[in-house]
Every structure is written in structure tokens, then in C-alpha cells.
Amino acid sequence: HWLITTQVCAPDEPAALLHEACPPWNSHRPGERLTEKNREHILHEVEGHGIHSCWKGGDDSVMENPMAQVGRKLRDAVSVLFAGYSTRGRLLALAAVASALQPQVRAALNHWEPELVDIVATTADCCAMIARRVSSPLVRETSGGGGVNVQGEKQTPMDVFADTLLNDALRPLAKTLASEEADSIIAGSGDTYSIAFDPLDGSSNVAVSLPTGTIFGVFKGDALLGKPRQNLVAAGYCLYSSSCEFVVATVDDGLPRRFYLDGIMFRDAGTMQETPKRGPYYSLNDAREPDWPAGLQSWVYSAKRGKTAAGTKYSSRYVCALVADVHRTLITGGWAGNPRPHLRSLYEAAPLAFVANACGGYASDGVGDVLDMDIRDIHARTSYFCGSVDDVKDLEACGDVQQGAA
């Protein structure tokens, strides 16, 4: 389906004058919409060195197979890279160029609704760019930005970069956006779906070259709040580690789809395997053990000695990057989490619970299913235990595994 519905307008084509809703990708004013008032200025700015990418259609649109765009878009990419833009401007422009360079993501998801494919493929484009950035110390360490976010946490320059990139790329596609780094919901220009994301989970790991990740969830309409089981239609994450892996799940597809980054393109690697019912590992900060509630202390004490229902001795594995810990757990079994109410329900807990559920796993707040909790605030937090269904259920049965704020 995607092969015949992509529509691209160049600045000098009549269609560019017709589309009131086109997002012209202009490095000077990324994400700005084409309107009667700003049309002349934008067309002047875009001409010759910008990229105008239209997915809205129109009577005079140019129909083009995305694969036929690759050569032209690569030429555009080279011109952008060597243009006199700031680093951020170059990368934002390349985000638009890359929209036709994720053919395997789009092909694997071509049975989804086109609007949903656009959002997920664009998120993958951004993740590819973030992956390149975090793997380049000379670039990431000289990035501007930083400060304190709405959570009261110190931002790294990479936090700011990832958040800005995702916001600018997704605003034309989503109805509303919510970011862990922003204090309120952001209005977008889309019609059908909203998206919530943690731009760079575990960002403190970047300075020491340890894994980090991006987490996202796509919701019906603007229904970011409420019960995730009712509102989430797709969710996923990108793991930046020894390899870069993009994982996405949707309601009707069964096991999540996984893609590996090869250069600037994600390549289809098939589906995730089903999560084992039990596993050999638990993952949390063992140094906090003296502060743990009695139920959690009891389970870990027994697990180390092979005295849980599994009958095997568990080992501890802990990266301190939620995406990395959950990804490993979904593959090998066990559970990963935090007994303290530190995880963001909307940006981290719910999307990862959605992926775990698609893998046959389970995520709990220590009492019940995370997908059934009622999220009432975009910055609500929760305790979290995610992984093998039997292990997490055993943990719930211990009772008293949630820890108060520390």
C-alpha cells in the first residue's frame, strides 16, 4: 500500500502552493506549516537547499514510488550535509530526507494504517539519527543544551537533542505529543494518533559509553491519559548499544517486530521471540536492598538460593538503562524493574508493558497489570516490574513489594 500512496512536492511544483497542511522541512524553521501568510517566505527559504516533504496529497501532487526517490534524496542529503547549516539544522533536514530511506520498516508494517506507519517510521528515522549521535563522542560532547527538565532532573545535551529532534519530526504527523522532557502536552497537526515518548532513557550512560534507549507509545486520538490497554495502539523502543535495535508492537500483530540499524537504514530482522515464563535473572539496583519492603527482600533472598517456585538460583543483571534491562529480560526471562515509584507511567511503564504483553510477558506495578492502571497525569510515576509472567506474578504474590519515594 505504501508504495503507491507516498506523495512528494518539490518547492517549484504547483502542488506546493496548494497544500495548506504540508510540512516544509526547512532547517531554519523546522516543522513550520505552509500557510497563505508565510508561503512566500517558506518557498524562498526552501528553494535550492531545503527539503519539502508532503504526505497530505492534493490534486496536483506528484505520485512517486519511495524507492525511486532514493537517488534524488541521497543527492539532497549530500547537499544538506555540506550546506552552511548548524549541526542541528543538518540533522533535522536529514530527518526529512530519510523519510524514504526506511523502506524495510515501511514494508514490514504496510498492513497498518498509513498514518500509523508514518509515525512509527518517522520515529525510526529519528532513532537512527540519535544512534549516530550517541556513538560519536566528539559530536555529542560538544552539543549545546542542558539544564533542568520538568522532572527536576539535570538534562544532558543529548537529552535536549533527542527531544528536539523527535518533537520537530513528529509534530506534523501526530495530533498531540507528550515528552518526558516537556511540562505539558504539545499540539501537533495530525488527525488520528498521539504519541508519548522518553527521548533518551538512561542518558547519563552516554558519557561512559553504556547503553541508552528511546521509548514511545502511540495512542488513539488524543487519549494519552486513562487506561493504556484501552488507548495504546502501538508501542516500542530503540536500544542504542553494541548494535542498534528498533522494536515495535501493535495490538493485532502478535509478537513485536524488530529491526537492526545498518548505516542509516533499519533492516527487518523478523519478530521477537516469546518471553520465557520464567528466567534466570532479576534486574534492579541491589545497593538499595536495605531500603526494600519486606516482600521484595523475601523474594530476592529466596531467588538467590533457589527457593522460589522456579526452583533455580537467580543471578542479578543490571545496566541502569531501562530499555537495555527490559530488552534483555524479554529475551532471556526473569524480571527488571524498580520498586520505587520512579518510572514515568506514560513515557516508560505503559509502552514497555505493551511490548512485554505482545511478547507473552507481563508488567506490574507490584499489585496489578500496568496496562490496566489509570494514568491521570502525564508525569505520573509508578513502581515497576516487567518480564516473565510467572516470575512477576510470584513477586506480586509476595505482597509488599512497592517502596515509598526515597
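Before any of the text, the structure's been laid out above.
Residues numbered from 1 in each chain as written. Predicted model: local features only at pLDDT ≥ 70, side-chain atom pairs only at ≥ 80, totals over all residues. Heavy atoms only, no water.

**Student:** Break down the pattern of salt bridges for me, citing the residues and quoting the values.
**Tutor:** Counting across every chain of the model gives 13 salt bridges. When the shortest N-O distance is used, the salt bridge between Arg328 and Asp325 registers 3.1 Å. You can see Arg328 and its partner Asp325 sitting in helix H12 (residues 322-332), three residues apart, about one turn around the helix. Each member of the pair, Arg328 as well as Asp325, carries the same accessibility label: buried. (Salt bridge = Lys/Arg side-chain N within 4 Å of Asp/Glu carboxyl O. Helix = DSSP H or I, 4+ residues; strand = E, 2+ residues; numbered from the N terminus. Buried < 20%, exposed > 50% of the residue type's maximum accessible area, 1.4 Å probe, protein only.)

**Student:** Residue-level account of the layout of surface pockets, with values.
**Tutor:** The volume enclosed by the largest pocket comes to roughly 780 Å³. Lining of the largest pocket is provided by 36 residues; of these, Asp201, Gly202, Cys320, Arg344 and Glu348 occupy positions nearest its centre. Ranked by the residues each element gives to the lining of the largest pocket, the list is headed by strand S17 (residues 335-344), at eight residues. Tallied by class, residues from the lining of the largest pocket come to 10 nonpolar, 13 polar and 13 charged. (1 Å grid on protein atoms, 1.4 Å probe; cavity = no way out; pocket = protein on both sides within 12 Å on 5 of 7 lines; lining within 4 Å. Points joined across faces, edges and corners; volume = space filled by probe spheres on them. Nonpolar A, V, L, I, M, F, W, Y, C, P; charged D, E, K, R; others polar.)

**Student:** Before we move on, can you summarise the sheet that holds strand S19 (residues 381-387) with the specific residues and values?
**Tutor:** Spatial ordering of the open sheet is given by S16-S15-S17-S19-S18, a layout of five strands whose pairing is mixed. One side of each edge strand has no neighbouring strand; the edge strands of this open sheet are strand S16 (315-316) and strand S18 (362-364). Here S17 pairs with S19 via six bridges, running antiparallel. Paired with Ala336 across the bridge in S19 is Cys386. Where H12 meets the sheet, its contacts fall on strand S15 (281-283), S17 and S19, and the angle it forms with S17 comes to roughly 145°. Against the sheet, helix H14 (residues 389-398) touches S17, S18 and S19, its axis set at about 20° to S18. (Pairing = 2+ DSSP bridges. Contact = heavy atoms within 4.5 Å. Axes fitted to C-alpha atoms, helices over the stretch in contact; angles between N-to-C directions.)

**Student:** Summarise helix H11 (residues 294-304); cite the residues concerned and give the values.
**Tutor:** Within the span of H11, buried status applies to Gly295, Leu296, Trp299, Val300, Ser302 and Ala303. Down the axis, H11 shows its buried residues gathered within 165° of arc, on one side only. Looking one or two residues beyond H11, the residue adopting positive phi is Gly306, at roughly 70°. (Arc of directions from axis to C-beta.)

**Student:** Hey, could you go over the packing of aromatic side chains for me, with residue numbers and the actual values?
**Tutor:** Using the criterion set out here, one finds eight aromatic pairs in the structure. Relative to Phe266, the ring of Phe246 has its centre 5.5 Å away and its plane inclined at 45°; by these criteria the two rings are tilted. Residue Phe246 is found in strand S12 (residues 244-250), and its partner Phe266 is found in strand S14 (residues 265-271); the two are separated by 20 residues along the sequence. Phe266 sits in the buried class, given a relative accessible area of 0%. Members of the aromatic cluster, connected to one another through ring pairs, are Tyr282, Trp299, Tyr314, Trp335 and Phe385. Stacked on the ring of Phe161, the Lys or Arg Arg133 has its end atom at 4.3 Å from the ring centre. The ring of Tyr362 has Lys393 lying over it, and the distance from NZ or CZ to the ring centre is 4.4 Å. (Phe/Tyr/Trp six-rings, centres within 6.5 Å; stacked < 30°, edge-to-face > 60°. Lys NZ or Arg CZ within 6 Å of the ring centre and 35° of its normal.)

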